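Here is how the chains run, residue by residue.
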Amino acid sequence: MSGKAKEILQMDLYGLLGIESTATTKEIKKAYRQKALTCHPDKNPDNPKAAELFHQLSQALEVLTDAAAKAAYDKICAAKKQAEERTRKLDDKRKKIKLDLEARERRAESETQEEVQNTRTLEEEIARLREEGSRQLEEEQRLIREQIQREKEAQQTEGYTQRVSGVERCSKSNVTPKLKLKWKCKKEDETNGGYSQDILFRLLQKYGDVLNVIVSNKKKGSAVVEFATVRAAELAVKNECGLSENPLKIAWLEGQPAVVTTAAQPGQFVSSQYSLTNERDYESVVMMKMRQAAERQKLIEQMQRDDDEDS
């Protein structure tokens, strides 16, 4: 038995995530995010126990979100529970009967062979996961890093008051930067001009964290990308050309930063992205996140209406 398989068998993966064995993949991911956010190494740089717990949670996610690995793990757990139940029911009288003892020995031998086979199956599934890489784990950890980054940005923007030439305006930090992508594509082209969600993601993620890539199903040669930061969106607009055989046309859809040309007075703090007024109450982080979610939904609905008009 490999060291990794032994380590996993010593843990209660469901108890670690705080879920039942009947939990769906969606429930497993949700539980992982909630647990992992509290013990992520970026939030606990000086706590080795937090790093160890984060590692265990990652192992639990790898096994429980893979159907074959989960089935092998569940089979071993079920066999252990059955053996414990049989042992509990045994009384002194049955232990003294020779025939029962011999039967139990034969049964134990058979169960040992089954356990060896089950363990071997789990080891093979774990080895496969290690070779193929766990996209589930990478995606969940990417989402956690993005959420931590957004929390840091929200904390940094709170309380800032800005004035430019005596004119005050409210911050629009609740709007995430979005770009409109277009390229040449014929209606009958099943390859969509050579672009897919994965290809666009790989082309754009080098400029910064990409929150969403929405490729239109009805309108060929069209997509919308949402970045985590304005800087990343600016770099993509200025530098990305797409595939050489079918270049991209990139334009701002939402969240383009305003250009500040007037110098600030001494002692004033000026930012091209944020400007908050003293007269208005600062919006809470909760309201920001609610408006961000509404804005994303509005964008998706607008794309669907555009598709219906074009079709």
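Everything numeric here is computed off the predicted structure, so don't read it as measured data.

Colleague: Teacher, can you tell me more about helix 4 (residues 48-64) here?
Modeller: Since the α-helix advances by 3.6 residues per turn, residues separated by three or four positions end up pointing in the same direction. Look at helix 4: 25 Å from first C-alpha to last across 17 residues, which is about the 24 Å you get at 1.5 Å a residue. Buried within helix 4 are the following residues: A50, F54, Q56, L57, S58, Q59, A60, L61, E62, V63 and L64. Those residues of helix 4 hidden inside the fold are in contact with helix 1 (3-9), helix 2 (13-17), helix 3 (25-39), helix 5 (67-89), helix 7 (98-132) and helix 8 (135-157). The backbone nitrogen of K49 lies 3.1 Å from a side-chain oxygen of the residue at the head of helix 4, namely N47.

Colleague: How should the pattern of salt bridges be read in this particular structure?
Modeller: If charged atoms from side chains of opposite charge come close, those side chains can pair. Scanning the model with the defined rule gives twelve salt bridges in all. Across the pair E151 and K43 runs a salt bridge whose closest N-O atoms are separated by 3.3 Å. Within this pair, whereas E151 is found in helix 8, its partner K43 is found in the loop between helix 3 and helix 4, the two being separated by 108 residues in sequence. Given a relative accessible area of 39%, K43 falls into the partly exposed group. A salt bridge links E111 to R86; the shortest N-O distance between them is 2.2 Å. Of this pair, E111 sits in helix 7 while R86 sits in helix 5, placing them 25 residues apart in sequence. Looking at E111, the relative accessible area reads 26%, which means it is partly exposed.

Colleague: Just to check I follow, could you spell out empty space enclosed by the protein for this structure?
Modeller: Unoccupied space between atoms shows up once a probe the size of one water molecule is rolled over them. According to the stated counting rule, one finds one cavity of 30 Å³ or more in the structure shown. What the largest cavity holds in volume is close to 30 Å³. For the lining of the largest cavity, the secondary structure elements donating two or more residues are helix 1, helix 4 and helix 7. Broken down by element, the lining of the largest cavity gets its largest block of residues, three residues, from helix 4. In terms of residue class, the lining of the largest cavity is built from four nonpolar, one polar and two charged.

Rules used throughout
Residues numbered from 1 in each chain as written. Predicted model: local features only at pLDDT ≥ 70, side-chain atom pairs only at ≥ 80, totals over all residues. Heavy atoms only, no water. Helix = DSSP H or I, 4+ residues; strand = E, 2+ residues; numbered from the N terminus. Expected span 1.5 Å × (residues − 1). Buried < 20%, exposed > 50% of the residue type's maximum accessible area, 1.4 Å probe, protein only. Contact = heavy atoms within 4.5 Å. Polar contact = N/O pair within 3.5 Å; in protein donor to acceptor, adjacent residues only side chain to side chain. Salt bridge = Lys/Arg side-chain N within 4 Å of Asp/Glu carboxyl O. 1 Å grid on protein atoms, 1.4 Å probe; cavity = no way out; pocket = protein on both sides within 12 Å on 5 of 7 lines; lining within 4 Å. Points joined across faces, edges and corners; volume = space filled by probe spheres on them. Nonpolar A, V, L, I, M, F, W, Y, C, P; charged D, E, K, R; others polar.

Keep in mind these values describe shape, not function.
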